[in-house]
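# Descriptive structure summary
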Amino acid sequence: MATKFFKTVILGAPASGKGTISERIVKNFNLEHVSSGDKLRQHIQNKTSIGNEAQKFIREGKLVPDEVMIKFISEELNNVKPVWLLDGFPRTLNQAEALWKIHKLDVALNLVVPFPVIIDRVKGRWVHLGSGRVYNVGFNEPKVPGKDDITGEPLVQREDDKPEVVLKRLEAYEKQTRPVIEFYQDKGILKEFVGNTSNEIWPKVLECLVTYIPIQITNQHK
Ligand code: G5P
Ligand code: MG
């Protein structure tokens, strides 16, 4: 029987592989993937009012204010089945507390990748804005250079992947997101996965998740 309730978050520094690992989780466990960054980028592309507001912060490597994000993500979660994986939220203690009031989580997954590895890999990141699918030069390259594998639409580089902005995002992560990890540790639901590559981290995540929910597709454990 399909799982009716399962709520989890994936934490980790910018470009630690949250999107990459989430894609594999979703394939194997059939969860709803809600990525705050992907949603914001879609709003920016569509020039909505939240997109225009968020863009000012994102392009400088700063976090979008808590009140905007809490309202935005609470509404997004109302629109999906209660079987979800939240990526990129919460990013501050305020956000973690607000989320906990409305949704108790089963587990919080934290990806731990060294900063020098991260700084090196963002230079080669290409994204498909419509879906959030990510590629990298030398790792998960698109079948046709510059085009999304599924839709054939053009891939773009993120404005906030410029080296100077990446450093600001890493700083914001250290200052504002560290307390979120401690918050989940105190709740007793934190699971950490350490590694230099997503291929090294993925089997450990898979091994952990099968203890919580049944796997949906048995031949895609990659
Ligand atoms: P985002 O979009 O949430 P970040 O900074 O948390 O942004 P990001 O950059 O999306 O995280 P990721 O998802 O952790 O990174 O990583 P990824 O995209 O999977 O992988 C990074 C790259 O490395 C990809 O090109 C991938 O192919 C490659 N890669 C993965 N694994 C490997 C590997 O093993 N080897 C190699 N060589 N490559 C690999 O948030 C963006 C902004 O939105 C705002 C903020 O301004 C934020 O800065 N925002 C919020 N603000 C406030 N509160 C919130 N909750 C917010 N959420 C978003
Ligand atoms: Mg991401």
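Scoring rules and cut-offs
- Residues numbered from 1 in each chain as written.
- Chains lettered and ligands numbered in written order.
- Predicted model: local features only at pLDDT ≥ 70, side-chain atom pairs only at ≥ 80, totals over all residues.
- Heavy atoms only, no water.
- Near = heavy atom within 4 Å.
- Polar contact = N/O pair within 3.5 Å; in protein donor to acceptor, adjacent residues only side chain to side chain.
- Areas by Shrake-Rupley, 256 points an atom, 1.4 Å probe, with all protein chains shown as cover.
- Helix = DSSP H or I, 4+ residues; strand = E, 2+ residues; numbered from the N terminus.
- Nonpolar A, V, L, I, M, F, W, Y, C, P; charged D, E, K, R; others polar.
- Phe/Tyr/Trp six-rings, centres within 6.5 Å; stacked < 30°, edge-to-face > 60°.
- Buried < 20%, exposed > 50% of the residue type's maximum accessible area, 1.4 Å probe, protein only.

All right, on to the site of ligand 1 then. Inspection of the region around ligand 1 gives 32 residues, with Thr 20, Lys 62, Arg 125, Arg 169 and Ser 198 positioned closest. A distance of 2.9 Å separates an oxygen atom of ligand 1 from a polar side-chain atom of Arg 41. If ligand 1 stood free it would expose 1000 Å²; the protein chains cover 94% of that surface. Residue assignment for the shell around ligand 1 shows that the elements contributing at least two residues are helix 1 (18–29), helix 2 (36–45) and strand 6 (134–136). Sorting elements by how many residues they give to the shell around ligand 1 places helix 2 first, with 4 residues. Residue classes in the shell around ligand 1 are distributed as 12 nonpolar, 11 polar and 9 charged.

A word on the packing of aromatic side chains. The description of an aromatic ring pair rests on the distance of the ring centres and on the angle between the ring planes. Summed over the entire model, instances satisfying the criterion amount to 4 aromatic pairs. Ring geometry for Trp 100 versus Phe 183: centroids 6.2 Å apart, planes at 85°, classification edge-to-face. Note that Trp 100 is positioned in helix 5 (residues 93–102) and Phe 183 in helix 7 (residues 163–187), a separation of 83 residues in sequence. Of the two residues examined, Trp 100 and Phe 183, each falls in the buried class. When the centroid spacing of 5.2 Å and the interplanar angle of 80° are considered together, the rings of Phe 183 and Tyr 184 count as edge-to-face. On the accessibility criterion, Phe 183 (12% relative accessible area) is buried. Members of the aromatic cluster, each reached through a chain of ring pairs, are Trp 100, Phe 183 and Tyr 184.

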